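Overview (structure and organization)
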Amino acid sequence: MEIDGPMMRKGMFFLGFGLWVLVVVALAAEGITVNTSSSGPKVVNIGALLTVNSVIGRSVKPAIIAAVDDVNSDKTILGDTHLNLILHDTNCSGFLGTIEALELMEKNVVAAIGPQSSTIAHIISHVVNELHVPLLSFGATDPTLSSLQFPYFLRTTQTDYYQMSAIADIIEHFEWKEVIAIYVDDDYGRNGISSLGDSLAQNRAKITYKAAFTPGASVDRLTEILTAVNLMESRVYVVHVNPDTGIDVFKVAKKLGMLTSGYVWITTEWLPAVLDSSQQINTDTGSDYSDVMTLLQGVVTLRQHTPNSYLKKLFAGKWKNIKLKETASFNTYALYAYDSVWLVARALHALLKSGESITFSSDARLRKADESMLRFSGLRTFNEGPKLLETLLSTNFTGVSGEIRFDREKNLVNPGYDVLNIGGTGVRTIGYWTKSSGLSVDSPNKTYAKKVNSNSSSGTKRLYSVIWPGETSVKPRGWVFPNNGKPLRIGVPYRHSYKEVVTKDVRSPQGVRGYSIDVFEAAVDLLPYPVPREYILYGDGVRNPSYSNLVAAVADNTFDAAVGDVTIITNRTRIVDFTQPYMESGLVIVVPVKKSKTSQWAFLRPFTLEMWLVTGGFFLLVGFVVWILEHRLNQEFRGPPSQQIITILWFSFSTMFFSHRENTVSTLGRFVLLLWLFVVLIINSSYTASLTSILTVQQLTSGIEGIDGMISSNEPIGIQDGSFAYNYLVQELNIAQSRIRSLKDQNDYINALRLGPKRGGVAAIVDELPYVELFMTYTQCEFRIVGREFTKSGWGFAFQRDSPLALDLSTAVLQLSENGELERIHDKWLTTSSCSSQAMQTDTNSLSLSSFWGLFLICGIACFISLGIYFWRVLCQYRRFDPDLEETQEIPEPESARRSSRRTLLSTSFKDLIDFYDKKEAEIKEMLKRHKLQGNEHSDSPR
């Protein structure tokens, strides 16, 4: 039998084709897609997850479709490979969104764009981790999605971590310390507000209350929440909700009168998403754009910054030509969704260009679920998913939203926000925020350019003026006293001693009285708002309470404030805030004193024996020197020896009282006397002062004369019960605890000081100056302060950390000080004894020579110089004087004899010198004159 050749060839062809089909079908059954073209697959599936009927979905859906069309029409990207978009609607439901996402994963998608919900993103991230399908979300801003737990989650928008940092900087810029967070209670809301709390804590601010409501909460529930919020202290509200229900929050706030002056409303980027996406916000209810703008007057909000680039303008022009769209305009989510599609296309292009293929494989673990009606075995693993993820993270291009590039934490680089203020009929930009420089009026493009060019940021942290609710440009205070019927709980120390400062008063409606209470009441009266308050006594009144424990009670919210004589010290300022000090204070040392016993010889005590001897010696020395200088010239210093001795003694000691009768005629004598009278003046003044002090002095009975003596001593020291002085002495001055005695009141002070350390008392008491001044008044100056204040502090009112009352009351205290009211209150309660303001008088030591040796040295030098000059003149005269001239003036002398007539010291006897000195100056001059004339006559006679 013969087989026809053509028929045989035709049969072989169909046989080969059939075998090929069987192989392909078999491979397909195993879940493997085979590329039949060396240029890549003809079609690649990408998915999209979003809530179509939502504010974000109505902008994002047309943007994603437009992006897919643009990619498919651009042959430079993916070539002949066609992107096939598979879109699933999550229906604004976490459950339905999860089901839709699982169904999408069955379509062998290589990547998924979305979801916009952080809740769905959390669930689907676990799925894509197993299937190796990258998830590019344009709207899930929950900061916790950036964790290492979700490696296949890639955020193509900004994380709320940066947005909350921007809000925290705005709050710091306006110097608010407390905010209330209003948010939707889901992953998006909870984690965003948690990030806000962390950012505020870095700026020493905090969230005082978290007002959460479930997604889709009713108006009644919102009204209940905002009513409770309105009764609280803070007036700064941060609203972090979904765009579809956010406007309802402001409608309720409007009904409650919470959009008026004094309120601050800050929203996250959901609000610009609503305003930017359409002129018609809610066509169902008839709320148009102008009505919503009127509702939102004064609100401050943030919007993700996208530069006004050429690409963005092209997209805006393209948006106008999109027919299947439900909004007249778009929001920033549409821009990020558009760029997400292009990011996937560029990454696929790079992946296929590198020779990789697109294949999927079944997971053996899912085959065990075949008996389930959910058919999980239909989910397949994307084999090239890890390489595609790596390519996505390394892709860098500029899109309609700006630069698309990821950092090491898989966040977009160069995050930035526009700070917007709604006013009038529009929205105006009042500043920007960037990661590098914080708040600034410079756009992020300029800020990051400065950082690149100069490696530094401008650091300018400012905004343009803001129009707040109520159409005011005045910055709201940000808080009011809570209108919830709860008064301010004020802890007041129930003192046992010094009740003038603060104590219990059963007759007063307030229940307390004293200096501190009057100051606080006067300060509160100056506040521009009422402060309901309740004074609560702290302590039992038997002993003074511990002030450190009182401050700790304020810190742990037992009290809202502490009013009293609370000293401001470092350890306390770490846990509470203090007002401006209303009373200066500091630790001083009090010791007992006694009157000195005077004696009949008290007049000798001002000077030491050495001083007396030197002073008396100088009296005699100066008198003798003046006598020498005046003897030849002054007749009052001549006469018999006994008279001259009396003159020397009288003149010397009469200068002590400036009552000397003798006149000085010589220049040298007057010079010496002038210096000596100056020395006498100083000595007299010092003697008078010292003697006065000795006769009125109070002597210390303790060896402690100041802080150094107290530290070096081993004697016991008393302190006031409950005072911070105990910790200061032990911790700062290292004084042994065994030396310290706690004393209850003034009577204990007096008894302990009178007994002294030897009889069970104390050597000194350490207490604050205001208490010591009162103590002096009680004791009528029986005790004295020694040394100076060795701490500088003051009394203030303590409030919980970051309480705005502390700042306002500080201003009020300054006003009291300036208008004199603070001094009047002080004089009313704290009268000061005259002895407390006197300088401390202690044992006066006798004045010694060391205090005056300089004066004596000057006077002594002056005396010796004057004597030297005087004796040099006398010797010069004596050398020219010839006592024999008068006897031999008739006998001529030979020339040689006359030449040798000048006397020399060697030929002079002491007696001749004394006789010459005893002659009057006038006689000597006359004799020398005659001698000179006779010498001239002899020289003119013939030889």
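Our structure's up above, just so we're on the same page.
Described in the following lines is the structure provided in the data block. Computed from a predicted structure; not experimentally measured.

1. Things to note about the packing of helix α8 (residues 243-255) against helix α9 (residues 270-277)
Contact geometry for α8 and α9: axes closest at 9 Å, N-to-C directions at 100 degrees. One finds that α8 runs roughly perpendicular with respect to α9. Together, P243, G246, I247 and F250 of α8 and W270, L271 and V274 of α9 make up the contact between the two elements. Residue composition of the contact of α8 with α9, grouped by class: six nonpolar, one polar and no charged.

2. Focus: the pattern of salt bridges
Per the stated rule, a full pass over the model turns up 20 salt bridges. Close ionic contact of R303 with D418 constitutes a salt bridge, the shortest N to O distance being 3.6 Å. Residue R303 is found in strand β10 (residues 300-304), and its partner D418 is found in strand β15 (residues 416-423); the two are separated by 115 residues along the sequence. Salt-bridge contacts for D560 lead to R489; the nearest nitrogen and oxygen are separated by 2.9 Å.

3. What about the pairing of β10?
Counting buried positions along β10 yields four of five residues, so the element is predominantly enclosed. Summarising the sheet, strand β9 (residues 264-267) and β10 pair through two bridges and their orientation is parallel. Its bridge partner being in β10, I266 is matched across the sheet by V300.

4. Let's talk about the sheet that holds strand β5 (residues 153-155)
An order of β2-β1-β3-β4-β5 is seen for the five strands of this open sheet, with the pairing classed as parallel. Edge positions in the sheet fall to β2 (82-89) and β5, since each of these pairs with one other strand and no more. Summarising the sheet, strand β4 (residues 135-137) and β5 pair through three bridges and their orientation is parallel. Counterpart to S137 in the pairing with β5 is R155. Sheet strands touched by helix α2 (residues 55-73): β1 (43-50), β2 and β3 (112-113). Its angle to β2, the strand with the most contacts, is close to 165 degrees.

5. A closer look at the side chain of T51
Following the sequence through the fold, T51 ends up in the loop between β1 and α2. Ignoring any residue separated from it by four or fewer positions in sequence, one finds T51 in contact with G57, D89, T90, N91, C92 and Q116.

6. Considerations on the packing of helix α7 (residues 219-230) against α8
α8 packs onto α7 with a crossing angle of 60 degrees between their chain directions and a minimal axis gap of 9 Å. Overall, the two elements α7 and α8 adopt an arrangement that is oblique. In this structure, the crossing between α7 and α8 has a hand that is right-handed. Contacts between α7 and α8 involve V219, L222, T223 and L226 from the former and D248, V249, V252 and A253 from the latter. When the residues that make up the contact of α7 with α8 are grouped by side-chain class, the tally is six nonpolar, one polar and one charged.

7. Some remarks on the state of the cysteines
Scanning the entire structure with this criterion turns up zero disulfides. Note on C863: no disulfide assigned, nearest cysteine sulfur contributed by C859 at a separation of 4.4 Å. C863 sits in the buried class, given a relative accessible area of 1%.

8. What to know about the sheet that holds strand β16 (residues 426-434)
Taken in spatial order, the eight strands of this open sheet run β7-β6-β8-β9-β10-β15-β16-β17, and their pairing is mixed. Pairing within the sheet leaves two strands with one partner each, and these edge strands are β7 (206-213) and β17 (438-440). Between one strand axis and the next, the sheet turns by 30 degrees as a mean value, whatever way the strands run. In the packing of α9 onto the sheet, the strands contacted are β8 (236-240), β9, β10, β15 and β16, and the crossing angle to β10 comes to about 75 degrees.

9. Concerning helix α27 (residues 821-829)
Looking at α27, one finds that the buried residues are L822, I825, H826 and W829. Down the axis, α27 shows its buried residues gathered within 105 degrees of arc, on one side only. Looking at the buried positions of α27, the neighbouring elements they touch are β20 (512-513), α16 (515-525), β24 (583-585) and α26 (804-818).

10. Quick look at the packing of aromatic side chains
Centre-to-centre distance and the angle between the planes together describe a pair of aromatic rings. Per the counting criterion, the structure on display carries 29 aromatic pairs. Note on F250 and W265: the rings are 5.1 Å apart at their centroids and 50 degrees apart in plane angle, and the pair reads as tilted. Remark: W265 occurs in strand β9 and F250 occurs in helix α8; sequence separation between them is 15 residues. Like W265, F250 is buried. Through successive ring pairs, a cluster of aromatic residues spans Y498, Y749, Y771, F775, Y778, F783 and W795. One Lys or Arg, R346, reaches over the ring of F397 and ends 4.7 Å from the middle of that ring. One cation-aromatic arrangement involves R477 over W479; the distance from NZ or CZ to the ring centre is 5.2 Å.

11. Topic: unusual backbone geometry
A cis geometry characterises the amide bond from G114 onward to P115, with omega recorded as -5 degrees. Here P115 shows up in the loop between β3 and α4 (118-131). Even without being a glycine, E175 presents a positive backbone phi close to 65 degrees. Assignment of secondary structure puts E175 in the loop between α5 (160-173) and β6 (178-184). With relative accessibility at 63%, the residue E175 sits in the exposed group. A positive phi angle, near 55 degrees, is found at N414, a position not held by glycine. With respect to the helices and strands, the residue N414 is situated in the loop between β14 (402-404) and β15. Under the relative-accessibility criterion, N414 is labelled partly exposed at 37%.

Criteria and cut-off values
Residues numbered from 1 in each chain as written. Predicted model: local features only at pLDDT ≥ 70, side-chain atom pairs only at ≥ 80, totals over all residues. Heavy atoms only, no water. Axes fitted to C-alpha atoms, helices over the stretch in contact; angles between N-to-C directions. Helix = DSSP H or I, 4+ residues; strand = E, 2+ residues; numbered from the N terminus. Parallel < 35°, antiparallel > 145°, perpendicular 65-115°, else oblique. Contact = heavy atoms within 4.5 Å. Nonpolar A, V, L, I, M, F, W, Y, C, P; charged D, E, K, R; others polar. Salt bridge = Lys/Arg side-chain N within 4 Å of Asp/Glu carboxyl O. Buried < 20%, exposed > 50% of the residue type's maximum accessible area, 1.4 Å probe, protein only. Pairing = 2+ DSSP bridges. Left-handed = near helix turned anticlockwise from the far one by under 90°. Disulfide = S-S within 2.5 Å. Arc of directions from axis to C-beta. Phe/Tyr/Trp six-rings, centres within 6.5 Å; stacked < 30°, edge-to-face > 60°. Lys NZ or Arg CZ within 6 Å of the ring centre and 35° of its normal.

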